[in-house]
Amino acid sequence: MAKNIIIDTDPGQDDAVALLLALASPQELNVLGITAVAGNVPLALTQRNARVVCEVAGKRDVPVFAGCDAPLNRRLVTAEHVHGKTGLDGADLPDPTMPLQDQHAVDFIIETLRREPSGTVTLCPLGPLTNIATAFQRAPDIVERVQEIVLMGGAYFEVGNITPAAEFNIYVDPEAAREVFASGVTLTMMPLDVTHKALTSKARIDAFRTLATEVGDACVGWLEFYERFDEDKYGTDGGPLHDPNVIAYLLQPDIYEGRHINVEVETGSELTMGMTVADWWGVTDREANALFIGDLNAEGFYALLAERLARL
Ligand code: BDR
Ligand code: CA
């Protein structure tokens, strides 16, 4: 039976590819809804972009909800310098015509977790954790009903991408992240340590070009736009494709490796704000609260993407 998931996202080109991968995999994943959050760009754009992606995928029936427009108690930091003004620069796509749902994303998350049998809904956060933490704060009864959380966020050996210490999704709303990591829900994280091993390359992007479909062309445009920033920054040939790792992990966990460890989120120090302090070597007696993924079979990951996107 397909796994029920809610994708919480701030598209973002890599979020867009993650959404496509999930929407292309209905046998394994039942996308109950897509909840947008402010992150890479403001909420007005992330909810729009989520609908653009559904339409490119030909999945206009997947409900899209708008959630929180700012972190729990900070001003929003965005990443247009990476993703462009729209958040989805690189492909020229029409404005969406499918509706945005009236219900607030946080209410949708709460209602869905209360309605579905306990332990049957997985949360897939691909952006700052504001919607998820807000839902947990407002409805503590739903926390134990979550099957698991598989998220993109954090960094340890790979250090930060928005500050020297912090990864973007955690940095934008560290208080929300801290709450989610402390929730007790079974949690798997895809930090920069693994996503920086999932680099695009000319051959990998060409595999999308070869599809010769609207979806393939959109991916080529997005990835060619978005990889430039990281190629310049890191001096690599290709850029990391972060968020699709969350969905790929649900589809093919055997291509990933990690350790169950303790991960705490820094919320006090301005210098290291949003750092995910990962006890990789087990030097504390703090209880493990996350499966920290550190490695993947990148060929397997890109093969999965090309094979699934061909289905759309
Ligand atoms: C994360 O931040 C965003 O820019 C990407 O979409 C990804 O979720 C990587 O740090
Ligand atoms: Ca994202």
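Each remark here, short or long, concerns the structure printed above.
Residues numbered from 1 in each chain as written. Chains lettered and ligands numbered in written order. Predicted model: local features only at pLDDT ≥ 70, side-chain atom pairs only at ≥ 80, totals over all residues. Heavy atoms only, no water.

This next bit is on the packing of aromatic side chains. If you walk through the whole model with that rule in mind, you get seven aromatic pairs. Where Tyr156 meets Phe157, the ring centres are 5.1 Å apart and the plane angle is 75°; that geometry is what we call edge-to-face. By relative accessible area, which is 28% here, Tyr156 ends up partly exposed. Judged by its relative accessible area of 48%, Phe157 falls in the partly exposed class. Plain terms: the ring middles of Phe157 and Trp280 are 6.0 Å apart, the flat faces sit at 90° to each other, and that makes the pair edge-to-face. Placement of the pair is Phe157 in the loop between strand S5 (146–152) and helix H6 (168–172) and Trp280 in the loop between strand S9 (276–278) and strand S10 (290–296), with a sequence separation of 123 residues. (Phe/Tyr/Trp six-rings, centres within 6.5 Å; stacked < 30°, edge-to-face > 60°. Buried < 20%, exposed > 50% of the residue type's maximum accessible area, 1.4 Å probe, protein only. Helix = DSSP H or I, 4+ residues; strand = E, 2+ residues; numbered from the N terminus.)

So, about the nonpolar core. Of all hydrophobic cores here, the largest spans 65 residues; its most connected members are Ile5, Ile7, Phe208, Trp222, Ile247, Tyr256 and Phe301. For this core, the leading source of residues is helix H1 (residues 13–23), giving eight residues. Aside from chain neighbours lying at most four places away, what touches Ile247 is Ile5, Ile7, Ala18, Leu21, Ala22 and Leu29. If you look at the next biggest cluster of nonpolar residues, it comprises 38 residues, including Phe108, Leu129, Ala135 and Ile142. (Core = buried A, V, L, I, M, F, W, Y, C linked by side-chain atoms within 4.5 Å. Contact = heavy atoms within 4.5 Å.)

In this structure the tally under the stated criterion is 14 salt bridges. The partner of Glu224 in a salt bridge is Arg209, and the shortest N-O contact between them spans 2.9 Å. Taken together, the residues span a long stretch of sequence, with Glu224 in helix H10 (residues 214–234) and Arg209 in helix H9 (residues 202–209) at a distance of 15 residues. Residue classification places Glu224 among the partly exposed positions, given a relative accessible area of 30%. Because the salt bridges share partners, they merge into one network encompassing Glu28, Glu307, Arg308 and Arg311. (Salt bridge = Lys/Arg side-chain N within 4 Å of Asp/Glu carboxyl O.)

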